[in-house]
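# Report on the structure
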Amino acid sequence: MTPTHLAFMMLINLIWGFALVAAKVSIGHFPPLLFAALRFLLIVAVLFPFLKIHKGQMKEVIIISLCAGPIGFGFFFAGLAISDASVVAVASQLGVPFSAIMSVIFLKEQVFWKRWLGITLSFAGVMVISFDPTVFRYIDGLLLVVCSALVSSVGTIYQRQIRHVGVFELQAWVATVAAPLMLLGSFVFESHQITVIQTASLLQWSGIFYVAFASSLVGHAGIFYLLQRYEVTQTAPLTLLAPIFTVFFAATLLGETLTQRMIVGALIALTGVLIVSIRQKRIVDTGP
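Residues numbered from 1 in each chain as written. Predicted model: local features only at pLDDT ≥ 70, side-chain atom pairs only at ≥ 80, totals over all residues. Heavy atoms only, no water.

### Considerations on the nonpolar core
- Counting 51 residues, the largest nonpolar core has F30, F35, F40, F76, F77 and L80 as the members making the most contacts within it.
- Ranked by residues supplied to this core, first place goes to helix α2 (residues 32-47) with eleven residues.
- F77 has contacts with A23, I27, P32, F35, A36, R39 and V211, leaving out every residue within four places of it along the chain.
- One finds I15, A214, L226 and Y230 within the second-largest nonpolar core, a separate group that totals nine residues. (Core = buried A, V, L, I, M, F, W, Y, C linked by side-chain atoms within 4.5 Å. Buried < 20%, exposed > 50% of the residue type's maximum accessible area, 1.4 Å probe, protein only. Helix = DSSP H or I, 4+ residues; strand = E, 2+ residues; numbered from the N terminus. Contact = heavy atoms within 4.5 Å.)

### Describing the pattern of salt bridges
- This structure, assessed with the given rule, holds one salt bridge.
- A salt bridge links E169 to K52, with the shortest nitrogen-to-oxygen separation between them at 3.3 Å. Placement of the pair is E169 in helix α9 (residues 167-189) and K52 in the loop between α2 and α3 (58-81), with a sequence separation of 117 residues.
- On the basis of relative accessible area, E169 is assigned to the buried category, the value being 14%.
- Residue K52 is classed as partly exposed on the basis of its relative accessible area of 44%. (Salt bridge = Lys/Arg side-chain N within 4 Å of Asp/Glu carboxyl O.)

### Digging into the packing of helix α6 (residues 113-130) against helix α14 (residues 260-278)
- Remark: α6 packs on α14, axes separated minimally by 7 Å, with the N-to-C direction vectors making an angle of 160°. Relative to α14, α6 is oriented roughly antiparallel. With respect to the hand of their crossing, α6 and α14 are arranged in left-handed fashion. On α14, the residues touching K114, R115, G118, I119, L121, S122, G125, V126, V128 and I129 of α6 are R261, M262, G265, A266, I268, A269, T271, G272, V273, I275 and V276.
- Split by residue class, the contact of α6 with α14 holds twelve nonpolar, six polar and three charged. (Axes fitted to C-alpha atoms, helices over the stretch in contact; angles between N-to-C directions. Parallel < 35°, antiparallel > 145°, perpendicular 65-115°, else oblique. Left-handed = near helix turned anticlockwise from the far one by under 90°. Nonpolar A, V, L, I, M, F, W, Y, C, P; charged D, E, K, R; others polar.)

### Regarding the packing of aromatic side chains
- This model, assessed by the stated rule, comprises 15 aromatic pairs.
- Both rings, one in F18 and one in F249, keep their centres 5.5 Å apart while their planes meet at 90°; by these two values the pair is edge-to-face. With F18 in helix α1 (residues 3-27) and F249 in helix α13 (residues 241-253), this residue pair connects regions lying 231 residues apart in the sequence.
- What makes F18 partly exposed here is its relative accessible area of 28%.
- Overall, the relative accessible area of 15% leaves F249 in the buried class.
- Centre to centre, the rings of F40 and F73 are 5.7 Å apart; their planes meet at 75°, and the pair counts as edge-to-face. Of this pair, F40 sits in helix α2 while F73 sits in helix α3, and the two are 33 residues apart along the sequence.
- The positively charged end of R39 is found above the aromatic ring belonging to F40, 5.0 Å away from the centroid.
- The positively charged end of R39 is found above the aromatic ring belonging to F73, 4.4 Å away from the centroid. (Phe/Tyr/Trp six-rings, centres within 6.5 Å; stacked < 30°, edge-to-face > 60°. Lys NZ or Arg CZ within 6 Å of the ring centre and 35° of its normal.)

### Some points on the environment of V46
- Turning to its location among the elements, V46 is positioned in helix α2.
- Take V46: its relative accessible area is 39%, and that puts it in the partly exposed class.
- Between the alpha carbons of V46 and G155 there is a distance of 23 Å; along the sequence they are 109 residues apart.
- With residues up to four places along the chain from it excluded, the contact list for V46 reads F213 and L217.

### Side note on the side chain of S26
- Along the chain, S26 turns up in helix α1.
- On the accessibility criterion, S26 (0% relative accessible area) is buried.

### Describing α3
- Look at α3: 32 Å from first C-alpha to last across 24 residues, which is about the 34 Å you get at 1.5 Å a residue.
- The principal kink in α3, of about 45°, is found at G72. (Expected span 1.5 Å × (residues − 1). Bend = angle between axes of the 7 residues up to and from the residue.)

### Considering the environment of L80
- Along the polypeptide, L80 turns up in helix α3.
- A C-alpha to C-alpha distance of 13 Å links L80 and L254, two positions 174 residues apart in sequence.
- Once residues lying within four places of it in the same chain are set aside, the contact partners of L80 are L20, A23, K24, I27, A85, V88 and V145.

### Points about a nonpolar patch on the surface
- A surface patch of nonpolar side chains, about 340 Å² in accessible area, is lined by V25, L203, L253 and L254.
- On the secondary structure map, L254 appears in the loop between α13 and α14.
- Exposure remark for L254: the relative accessible area of 31% places this residue in the partly exposed category. (Patch = residues over 30% accessible without salt bridge, like charges linked within 9 Å, V, L, I, M, F, W, Y side chains within 5 Å. Areas by Shrake-Rupley, 256 points an atom, 1.4 Å probe, with all protein chains shown as cover.)

### Considering unusual backbone geometry
- Phi is positive for H164, close to 60°, though the residue is something other than glycine.
- Along the polypeptide, H164 turns up in the loop between α8 (139-159) and α9.
- With a phi close to 60°, H192 is a non-glycine residue in the positive phi region.
- For H192, the location among the structural elements is in the loop between α9 and α10 (193-199).
- The class for H192 is exposed, based on a relative accessible area of 59%.

Shape is all these values report; function is a separate question.
Pasting the structure below:
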């Protein structure tokens, strides 16, 4: 990897690492479904020109959009709202082993002992984190993030089966499907949306803009660009810097507590994700 592309990869990890911290600040004011709806509305406004019909593949596109949009992010932001960002960053990586398991079930891919070891370590690490007394206070939030990872892995399986759909085209469909459904969900399950929007500070709005543009457009498009030029075994290990950056930012900027059990569990889980990732033909993109 050239020094320029390596620096770009580090930038992507920094962007993704900070995204959960920015989102956590905004979700402190915006309810999670409204936050997600506003985020996707911004993406629709930018990517609408990329929206086009892909004949013969629209079923897969819609399923991917539902998994990566209202269902996956609905669980994710609901979990983030009541959990620490550092724990969410690690738990969300379960999308990688979930996808590996589903590839065996639905795509009949072969998984040998090294990847099974990685899958086992991934879940074992999250279990270690789950039984930490600090985390146990918001175990329901952690379970929501795990559900998000499971739903996202379903989208990944379908994503492997579509062809000739660009990254911006797919993101445009995800946002177009997600925005109205998230708004509907917000009006059904949340309240005082107008007041919340009117009273939001610039800092609280900045989290929505950051997650929409920096994380989604720069981060996701950037990793797609690099995967077109380098082997997965070169890129996959580097993307695991993102949750490490999140843990650092969460501890220093949000004052989140990191216990010894949480650190050990995170190391076990991320080691497992690394093993699974470098054995895959394609990296599973789990950025927020």
